[in-house]
Each structure stands twice: as C-alpha cells, then as structure tokens.
Amino acid sequence: MSTTSFSRLALPDALLANLDSLGYRAMTPVQSRALPAALEGRDVLAQAQTGSGKTAAFGLSLLARLDLASSRIQGLVLCPTRELADQVAEALRALARRLANVKVLTLCGGAPFGPQLASLEHGAHIVVGTPGRVEDHLRRGTLHLGGLATLVLDEADRMLDMGFQAAIDDIAAQTPSRRQTLLFSATYPAEAAEGGLAGFTRGLLHEPHIVRVEDTHNDATIEQHFYVVADEAARLAALRRLLLYYRPASGVVFCHTKRDTHAVADDLNAAGMQALALNGDLEQKDRERILVMFANQSVTLLVATDVAARGLDIDGVDAVFSLGVAHELDVHTHRVGRTGRAGKQGVACTLISEKERFRLLQLSEQQGEEYEPEPLPEVADTTPLAAPMATLQLGAGKKDKLRPGDILGALTGDGGIAGDQVGKIKVLARSAYVAVARGAARQALAKLERDRLKGRNVRVRRVTQ
Ligand code: AMP
C-alpha cells in the first residue's frame, strides 16, 4: 500500500468508497501529513494554501469522527468570508455523500437571520460560518456549542487580518475545552511576530501536530543594485524609473532626512503612485494609520527615515530603495534585509552620488562582494504603479461596539461587493479601516454610506486614492 493511499487511514468504508468516486486517488502532501494526527483526535496546525487539498484534510477528519446518532453540533468550521464558507460547506457535503444524513449548515453574515434560525432548529452536525455571525448566534442563544468535538479555523491568517481574533476567542471560549482544534493558515505563524498568529495559536491549540511546508527562509535571495546619479533631480527621476522597472507591490524608500521623505513622497504621488512619508514628525495615530494602509496594500510605498522605520513591522517588502548609502554600513544592511523574506526574491537598489563612490568600495569590502554601479534600466511599461486596494475609514470603532463582522456583513450584503474584494479590516478604539479592491471602492463607499451600521449612520470616507 502506498504511503499516500487513503486506505492507510482509519476512515469509514463509506468515506473511502466515495473518495474513489470523487477521483481522489492519492493523498496530497498536506492530507498525508495532517490526516493521521487529526483522525487520532490531536490538534493540528497546518500551513496550507488554497489548492493544496486542505478542505478534505480537515473535512475527512471531521466526517470520520462524527457521531451520526447524535444531533448535536459536533464540528464548527470558521472561515473569513461567506464565499469560502459556501465552498467549504459544498465540499463537505460532497465528501459526505455516502454517509447517511449528515447535515452541514452555513451561518454567514450578510444573510438574513430568519432562515438560519429555522435551520438551526432542525439541528446540524457541522456548522460552517463566518466568525461575526457565529458569535451573534451564540450571543442570541440560538446556537449551542456545548457538544462541539472539533473546531476548524480555515485561512486563520486571513481571519486575523480581517480583525476576527476577538470573535474567534469568544467563540472558542464557548466550546468544551477538551475539543480538538485544527488550524489551517496560508502563512506559517512566525514565533517572532509580536502577538499575531503565533500568540493566537498558542491560546487555541494544545500540543499541536505541526504540518509545515519547508521553511524557505534561507532561500531568500536579495539582488543588490547600485546606480550613480548626478544631482537631486536626477535622483528622483532615477527612483521613478526603477519603480516602473521593478514594479514592486510593496516597497520602502529610505532617505537621510525628514525633509527628503516629504519631497520624495510628493514627487511619487505626482507621478501617480501611492506613497506616504513616514518620519519622526508624525503623531502616533498618524503612524498607525499609515502602517495600516501599507499593510493592507492601499499604499505601495513608504518613504521613511531609518529612525522612523526602526522597530516597525514593514519587513518582507518586494523592494527597498536607498537614496544615498546609509551613514553606517550596518544600517545599510538592515535596510536591505527588509526585502527578500520568506523565500521571496527581493530587490535592493541604492542611488549614490559621485561623491559616495568610496562608500560603495567600503560596502564591497565589508560584504565580500564586488559591487559596481550599473546603468539605469530601460523601462518598457510606463503605467504608474497602482496599489490594488483602497482604504475606507469609518467613524466608529470598538467603543461603539463595532466589530469586523459588522463591516464585512455591511459591505457584502445585498447590493454590496464580493467577500474576496474585501481586504484587511482594522478596528481601533473610535475608528475602523477597511481595505477594498480599488475597482470596487466606489461601490463599497456607496454601500456603507447608504446602510446603517449597528443601527446608526456611521461616517465613512475614502482615505487613499
Ligand atoms: P482545496 O485546497 O481544499 O481548496 O482543494 C483543491 C482541490 O483539490 C479541490 O477541487 C479538491 O476537490 C481537490 N482535491 C483535494 N484532495 C484531493 C486529492 N487527494 N486528490 C485529488 N483531488 C483532490
């Protein structure tokens, strides 16, 4: 028997026979690594992308462990969006085809409560839903999870991005502490990340079996390029040209002074790109806002001083540009290290003046590389870089009991936009930011302006282009 054959697993015959009819001949890597532990009842923390077969990885385990004689809810799958929840529910029903009468129910925001209440009254074995709506049902007392055996978090990283951590913690707290938890995430929760996914998973999982695709950290490659420019004007022109050539989805431009950060950001904005200056003059709340917009992909470029960028989580960007070599060589290395994370190719471009050529020699010596200035590349595509998302700001926040699920529900409800057009959601004390696909921003704004949120009109405005 091959090690990837499903028949190795302790699956009921009806499930096995059905896999054959679905054309699943062998387990995918995430299935062969997650299923044995999941079927034993262990917690699992798996890094898995869409298309890896993750739905069947948790779905088969959920179904194999169901007690069909009981009508209590035994499995709960939380998903970031209604679309994903619908897909997961459909996949579970297909996997369960040959099991008698397995009931899978979806509970998502943006859909009316009435039919959900009726379905809940009829009972279900597995509920698939979005965190906000599931939490609402728990609060209203229309959903009971006291008999839950398994909690699944699908696309956990995306749920965190959308601000669902509090809702998920709240839901988990209303399930038996002995439950099994299966957590799937496209990114691996780095231990180093403050709070974030790592802290979150620690609270929810008990001695999890870990399934991780190979750590590609060390394969990260960073290309360094150096260009000599004559003066200030040439420097700005060269930067624009490099941006059009490399077309990073995210980048940081380092400058020596605060004044430079403003001048450079203004120049890039005038050229139709989305850049913001990040420097020590900003108040804490402005810095926060800028980082939210950078992280949610509605601002492509941060133009920063080293001091302002210190300690900020702006790593893993596609490209780093230095206007001048940093005064200390270690600082240069630190700048460059902000790109090329997690196995991605990174680009670091440094623009130097004639007078700085000697610094290039120093860098070469220090790093044991022979760095030579290059001519600027020819640009074929001159359309300005456009950030994929736009940010809407709402004039209500946690203090107004506004939750991410409310925003998601309002955006994707009737006449709204699709769940996959909604990006990161960040709810602060008195305001909230939501990223939406730029092409859908007008519709999203109109929808939020028209609808009431939490029973009242909330001020909303678009804060990025
Ligand atoms: P997912 O990553 O869960 O979105 O699954 C991606 C696709 O792979 C879905 O269309 C599944 O039906 C399919 N799939 C999952 N597991 C297997 C398997 N072991 N063999 C063949 N197809 C599979």
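Every value quoted in this text rests on a predicted model; they were computed, and no experiment measured them.

Taken in spatial order, the 4 strands line up as S15-S16-S14-S17 in an open sheet, and their pairing is antiparallel. One side of each edge strand has no neighbouring strand; the edge strands of this open sheet are strand S15 (422-427) and strand S17 (460-462). Here the average twist between neighbouring strands, direction ignored, is 20°. Here strand S14 (residues 389-394) runs beside S17; their pairing, made up of 3 bridges, is antiparallel. Counterpart to Leu392 in the pairing with S17 is Arg462. Contacts from helix H16 (residues 404-412) reach S14, S15 and strand S16 (432-437), with the element oriented near 145° to S15.

A few words now on the UniProt feature "short sequence motif: Q motif" (unreviewed entry) in the protein chain. Within the UniProt annotation, "short sequence motif: Q motif" (unreviewed entry) is assigned to residues 4-32. With 48% helix and 0% strand, residues 4-32 has its two end C-alpha atoms placed 6 Å apart.

A surface patch of negative charge is lined by Glu83, Asp86, Glu90 and Asp420. Position of Asp420 among the secondary structure elements: in the loop between H16 and S15.

Turning our attention to the confidence of the model for the protein chain. Put simply, the protein chain has an average pLDDT of 89, and 95% of its residues get 70 or more. Low pLDDT, under 50, characterises residues 215-219; the stretch is placed with 5 contacts to residues that sit more than four places away or in other chains.

This part is about the site of the ligand. What surrounds the ligand is the set Phe6, Tyr24, Ala26, Thr28, Gln31, Thr50, Gly51, Ser52, Gly53, Lys54 and Thr55. Between the ligand and the protein, one listed contact pairs a nitrogen atom with a side-chain N or O atom of Gln31 at 2.8 Å. Between the ligand and Ser52 there is a distance of 3.0 Å, counted from an oxygen atom to a backbone nitrogen or oxygen. Relative to its free-state accessible area of 490 Å², the ligand is covered by the protein chains to the extent of 64%. The class makeup of the residues in the shell around the ligand is 3 nonpolar, 7 polar and 1 charged.

The alternating pattern of strand S2 (residues 75-78) places Gly75 and Val77 on one face and Leu76 and Leu78 on the opposite face, and all of these are buried. Two elements, S2 and strand S4 (residues 126-129), share 4 bridges in a ladder whose sense is parallel. Paired with Gly75 across the bridge in S4 is Ile126. As paired elements, S2 and strand S5 (residues 150-153) share 4 bridges and run parallel to each other. Paired with Gly75 across the two strands is Thr150, which belongs to S5.

To continue, consider the packing of helix H5 (residues 113-122) against helix H6 (residues 131-140). To describe two helices that pack against each other, one gives the angle between their axes and the distance between the axes. Interaxial distance between H5 and H6 falls to 12 Å at its minimum, and their mutual angle equals 65°. Accordingly, the angle class assigned to the pair H5 and H6 is roughly perpendicular. The interaxial crossing formed by H5 with H6 has right-handed handedness. Side by side, H5 and H6 meet where Phe113, Gln116, Leu117 and Leu120 of the first sit next to Arg133, Asp136, His137 and Arg140 of the second. For the contact of H5 with H6, the residue count by class is 3 nonpolar, 2 polar and 3 charged.

Scanning the entire structure with this criterion turns up 17 salt bridges. The partner of Glu354 in a salt bridge is Arg357, and the shortest N-O contact between them spans 2.9 Å. Put simply, Lys447 and Asp451 hold a salt bridge, and the shortest N to O gap is 2.4 Å. Judged by its relative accessible area of 4%, Lys447 falls in the buried class. Residue classification places Asp451 among the partly exposed residues on the basis of a relative accessible area of 24%. One network of salt bridges, with partners in common, ties together Glu135, Asp136, Arg139, Arg403 and Asp406.

With that settled, the discussion passes to helix H14 (residues 329-336). What H14 keeps buried is the set Leu329, His332, Arg335 and Val336. Looking straight down H14, one finds that the buried residues subtend no more than 110° of arc, so they occupy a single side.

A few words on the environment of Arg240. Residue position: Arg240 is located in helix H10 (residues 232-246). Note: C-alpha distance between Arg240 and Leu385 (145 residues apart in sequence) is 9.9 Å. A distance of 2.7 Å separates a polar atom in the side chain of Arg240 from a polar atom in the side chain of Asp267.

What counts and what doesn't
Residues numbered from 1 in each chain as written. Predicted model: local features only at pLDDT ≥ 70, side-chain atom pairs only at ≥ 80, totals over all residues. Heavy atoms only, no water. Pairing = 2+ DSSP bridges. Helix = DSSP H or I, 4+ residues; strand = E, 2+ residues; numbered from the N terminus. Axes fitted to C-alpha atoms, helices over the stretch in contact; angles between N-to-C directions. Contact = heavy atoms within 4.5 Å. UniProt positions renumbered as here; feature names shortened; annotations may be inferred. Patch = residues over 30% accessible without salt bridge, like charges linked within 9 Å, V, L, I, M, F, W, Y side chains within 5 Å. Areas by Shrake-Rupley, 256 points an atom, 1.4 Å probe, with all protein chains shown as cover. Salt bridge = Lys/Arg side-chain N within 4 Å of Asp/Glu carboxyl O. Lys, Arg positive; Asp, Glu negative; His and termini not counted. Charge placed at Lys NZ, Arg CZ, Asp CG, Glu CD. pLDDT = per-residue confidence, 0-100. Near = heavy atom within 4 Å. Polar contact = N/O pair within 3.5 Å; in protein donor to acceptor, adjacent residues only side chain to side chain. Nonpolar A, V, L, I, M, F, W, Y, C, P; charged D, E, K, R; others polar. Buried < 20%, exposed > 50% of the residue type's maximum accessible area, 1.4 Å probe, protein only. Parallel < 35°, antiparallel > 145°, perpendicular 65-115°, else oblique. Left-handed = near helix turned anticlockwise from the far one by under 90°. Arc of directions from axis to C-beta.

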